[in-house]
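For reference, the chains in residue letters:
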Amino acid sequence: MHKSFKFAVTVGRNENADLEKLAQIWAEKFNVKYVERGSKGSLKFLLDQEQVDALLVATNQGPQVYSASGTFFFHPSMAVLRAQRLKKHEPDHFVAALELKPGMKVLDCTMGLASDAIVASFITGAEGVVCAVEASPLLHFVVSEGLQNYQAEDTDLNSAMRSITTVCAEAETYLAALPADSFDVVYFDPMFRIPVNGSSNMEPLRPLAWEKPLTAETVEAALRAAPCVVIKERGQKLLEAFGCTEIVGGRYSRVKYGIRRR
């Protein structure tokens, strides 16, 4: 998501007075234009008419973002399957790399779809703390709303989602304001910013993703906030460049988790 990114707010096709009021509140919150839907036609028509990059759409299923790349809405995605596997005591490389245990304090500096944050909350439980930071205002808004309102079949998963605290900020800014040793572990998933070949379901998310890459300075700031930092990446050499001395990941896995300790 670039700084010149422009969007407006509207309602879904089956709008009602409550949704219109909600959409107007969102428009005021973001200080952007509210566009009446009425009989004006498709979302593509409104996108072209308003000359914006995206539309934040109030629907009965929650907020959705429509752009030329498609429609994005919240879903716990792979967190559902991962939680099921964890209940069967099956391994999870993310859980292993962060050494997650009940009661831990976890800071996810790249929330994205919040799949990892959900898994972290699932493991750390009611006594734990999971804070997820997202720099993209629209992505933060849609995912935060979903975490609080999405109803999964698994009540434990619902509890995990509701327990996550979300923050809209750039990671380095948030880290700079934290007292030392605020968390047990800090996590980064910078690969989320890079398109994955064959991952067409991620395309609607691309316009919303924050473009700023992870820097060595940000990793150093994270080490002040927690004694352990974990970075998810594809290349082991890149992880080693960030000072990671331990690598977790399956032999045939496309991704690795690099661990750096003080």
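For the structure itself, consult the block above.
Here is a short report on the structure shown in this document. (Residues numbered from 1 in each chain as written. Predicted model: local features only at pLDDT ≥ 70, side-chain atom pairs only at ≥ 80, totals over all residues. Heavy atoms only, no water.)

A closer look at the sheet that holds strand S7 (residues 165-168)
Part 1 of the reasoning: Reading across the sheet, the 7 strands line up as S7-S6-S5-S8-S9-S11-S10 and stay open at both edges, with mixed pairing between neighbours. Every other strand in the sheet has two partners, leaving S7 and strand S10 (246-248) as the edge strands with one partner each. On average, each strand axis in the sheet is inclined to that of its neighbour by 20°, with strand direction left out of account.
Part 2 of the reasoning: In this structure, strand S8 (residues 185-188) lies alongside strand S9 (residues 228-233), joined through 3 bridges in parallel fashion. Bridging from a neighbouring strand, Val186 pairs with Val229 of S9.
Part 3 of the reasoning: Against the sheet, helix H6 (residues 137-149) contacts strand S6 (129-134) and S7, and its axis sits at roughly 165° relative to S7. (Pairing = 2+ DSSP bridges. Helix = DSSP H or I, 4+ residues; strand = E, 2+ residues; numbered from the N terminus. Axes fitted to C-alpha atoms, helices over the stretch in contact; angles between N-to-C directions. Contact = heavy atoms within 4.5 Å.)

Side note on the packing of helix H5 (residues 115-124) against helix H7 (residues 155-162)
Part 1 of the reasoning: At their nearest, the axes of H5 and H7 sit 8 Å apart, and the two run at 110° to each other. With respect to each other, H5 and H7 are oriented roughly perpendicular. The residues of H7 that touch H5, namely those facing Ile118, Ser121 and Phe122, are Asp156, Leu157, Ala160 and Met161. (Parallel < 35°, antiparallel > 145°, perpendicular 65-115°, else oblique.)

Quick notes on the sheet that holds strand S1 (residues 7-11)
Hydrogen bonds along the backbone pair up the strands of a sheet, which may run parallel or antiparallel.
Part 1 of the reasoning: Here we have 4 strands laid out as an open sheet, ordered S1-S2-S3-S4, and mixed in their pairing. What marks the edges here is a single partner per strand, and that holds for S1 and strand S4 (70-73). Direction aside, the axes of adjacent strands within the sheet are offset by 25° on average.
Part 2 of the reasoning: Pairing between strand S3 (residues 62-67) and S4: 4 bridges, direction antiparallel. Opposite Tyr66, over in S4, you have Thr71 as the bridge partner.
Part 3 of the reasoning: This element, helix H2 (residues 43-50), spans S1, strand S2 (54-59) and S3 of the sheet and lies at about 135° to S2.

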